[in-house]
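# Survey of secondary and tertiary structure
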Amino acid sequence: MTDGTRSAGRMGRMPWQVLWIGLAVIWGSSFLLMKLGLEALHPMQIATLRIGIAAITLLVLAAATRTRLPRDGGTWGLLAICSFFLTALPFTAFVVAETRISSGLTGLANAFTPVATVLFALLLLPSDRLTPRKLLSVLLGFVGVVLIAQPWTSGQGPDLLGIAIAVLGAASYGVGWTLNRRLLGQREVPGLAHPTALMVTGLPMTLVALLVWAGAEGWSPVATHGAPDALPLALVAVVLLGVIGTGVAYVLQFEVVRAVGPTVAATVTYLIPIVAVSLGVVVLGEEVGPWQLTGAAIVIGAGVLVQSKPRARAAQPG
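Bear in mind the structure is a predicted one, so any value in this text is a computation, not a measurement. (Residues numbered from 1 in each chain as written. Predicted model: local features only at pLDDT ≥ 70, side-chain atom pairs only at ≥ 80, totals over all residues. Heavy atoms only, no water.)

## A short note on the overall build of the protein chain
Regarding its fold elements, the protein chain presents 13 helices and zero strands. In sequence order, the secondary structure elements of the protein chain are arranged as α-α-α-α-α-α-α-α-α-α-α-α-α. Principal-axis analysis of the C-alpha atoms gives the protein chain an extent of 80 × 55 × 35 Å. The buried share of the protein chain, reckoned over its 318 residues, is 50%. Taking all contacts inside the protein chain whose residues are at least 6 apart in sequence as the whole, residues at least 24 apart take part in 89%. When the accessible surface of the protein chain is totalled, it reaches about 15,000 Å², and 67% of it is carbon and sulfur. Positive and negative side-chain charges in the protein chain, numbering 19 and 12 respectively, have mean positions lying 17 Å apart. (Helix = DSSP H or I, 4+ residues; strand = E, 2+ residues; numbered from the N terminus. Buried < 20%, exposed > 50% of the residue type's maximum accessible area, 1.4 Å probe, protein only. Contact = heavy atoms within 4.5 Å. Areas by Shrake-Rupley, 256 points an atom, 1.4 Å probe, with all protein chains shown as cover. Lys, Arg positive; Asp, Glu negative; His and termini not counted. Charge placed at Lys NZ, Arg CZ, Asp CG, Glu CD.)

## A look at helix α12 (residues 272-284)
The end-to-end C-alpha distance of α12 is 17 Å, a good match for the 18 Å that 13 residues give at a rise of 1.5 Å each. Buried within α12 are the following residues: I272, P273, V275, A276, V277 and G280. Positive backbone phi, at 70 degrees, marks G285, one or two positions downstream of α12. (Expected span 1.5 Å × (residues − 1).)

## Section: the packing of aromatic side chains
How two aromatic rings sit relative to each other is given by the distance of their centres and the angle of their planes. Enumeration over the complete set of coordinates arrives at five aromatic pairs. Measuring from ring centre to ring centre gives 5.6 Å for F31 and F94, while their planes differ by 80 degrees; the resulting arrangement is edge-to-face. With F31 in helix α2 (residues 16-37) and F94 in helix α4 (residues 73-97), this pair connects stretches of sequence that are 63 residues apart. Each member of the pair F31 and F94 is classed as buried. Here the guanidinium or amino end of R50 rests over the ring plane of F91, the centre of that ring lying 3.8 Å away. (Phe/Tyr/Trp six-rings, centres within 6.5 Å; stacked < 30°, edge-to-face > 60°. Lys NZ or Arg CZ within 6 Å of the ring centre and 35° of its normal.)

## Digging into a nonpolar patch on the surface
The grouping of L233, V236, L240 and I244 at the surface amounts to a nonpolar patch, some 320 Å² of accessible area in total. Secondary-structure assignment places L240 in helix α10 (residues 231-260). The exposure class assigned to L240 is partly exposed, which follows from its relative accessible area of 37%. (Patch = residues over 30% accessible without salt bridge, like charges linked within 9 Å, V, L, I, M, F, W, Y side chains within 5 Å. Salt bridge = Lys/Arg side-chain N within 4 Å of Asp/Glu carboxyl O.)

## Quick notes on the pattern of salt bridges
According to the stated counting rule, one finds two salt bridges in the structure shown. Here R187 ties to D72 by a salt bridge, and the two come within 3.2 Å at their closest N and O atoms. Of the two residues, R187 is situated in the loop between α8 (160-184) and α9 (193-217) and D72 in the loop between α3 (43-64) and α4; the sequence distance between them amounts to 115 residues. A salt bridge links R100 to D159; the shortest N-O distance between them is 2.8 Å. Of this pair, R100 sits in the loop between α4 and α5 (103-109) while D159 sits in the loop between α7 (132-149) and α8, and the two are 59 residues apart along the sequence.

## Structural notes on the confidence of the model for the protein chain
Scored by pLDDT, the protein chain comes out at a mean of 86, with 90% of its residues at no less than 70. When the criterion is pLDDT under 50, residues 1-9 qualifies, and its contacts beyond four places in sequence or with other chains add up to 22 contacts. Low pLDDT, under 50, characterises residues 312-318; the predicted model gives this stretch zero contacts beyond four residues in sequence or across chains. (pLDDT = per-residue confidence, 0-100.)

## Considerations on the packing of α2 against α12
Where α2 meets α12, the axes come as close as 8 Å, and the angle between the chain directions of the two elements is 40 degrees. Judged by the inter-axis angle, α2 sits oblique to α12. Relative to α12, α2 is oriented so that their crossing is right-handed. Residues A24, V25, W27, G28, S29, F31, L32, K35 and L36 of α2 touch α12, and the partners they reach there are I272, V275, A276, L279, V283 and L284. Among the residues forming the contact of α2 with α12, the class breakdown is 12 nonpolar, two polar and one charged. (Axes fitted to C-alpha atoms, helices over the stretch in contact; angles between N-to-C directions. Parallel < 35°, antiparallel > 145°, perpendicular 65-115°, else oblique. Left-handed = near helix turned anticlockwise from the far one by under 90°. Nonpolar A, V, L, I, M, F, W, Y, C, P; charged D, E, K, R; others polar.)

Structure, rendered in structure tokens:
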């Protein structure tokens, strides 16, 4: 068996609903893990380690399942473009945002991803056309983000820059998946080869950013950024973030897509903020106000609306 079919054989025995819930819990937990990592590490250290550990995890899985990676430079170049928006930029943006806002709020901002995907598909894919349903979903998504940010509170609400950076991370996914459709739609990148190649090409980007950032601020890329006694827990959190929160999560995502298709698989986005907020409140004692919850509900509703298929008209009798 090749191209990831061995892993599919094992996980395929499990109901897709179990994999779907597991994926939501894993991705929702990633915001907590990033917050724990920040107790002793710089955001760029976390982003670089996350992608590096995920790349190693996926390379091992790809080798174990005899999954073939792309062999031509053109495909690797296109994958690198997509990887910037699917790994390097969002992974950096989310952890930088958490230096200013809570893990729960960052998870709420992630709910903007489906709306952003539709928005950029309209801008970048000629085949996508604007419909009243898509327009309404995009407008609702922006309203929800404004409610989460509470710009009218004049310093009493969440940090606006932190919210903006988190939304940038969510929007980056929208750009990345749209470019993935446009640039790689006609190229063969099967199974595990796709996420593996994304991580492999994303690692040099974050590594360069780490070295430049460290050089500009005058600190060592391997220095601790916090209390030394917090380093062990921070490292454990980042390892879990890379191995499970990124590497294993991508495997689960492909299994769910294989079982029920991309539309149903994408609904996991609606459960991720709930997991992120719940863990932030229970584990870290974070607080989430009614405006944030209302805004998140609107953003999630916009995502549901944009992914729902219009009902076909019933055939007229006679």
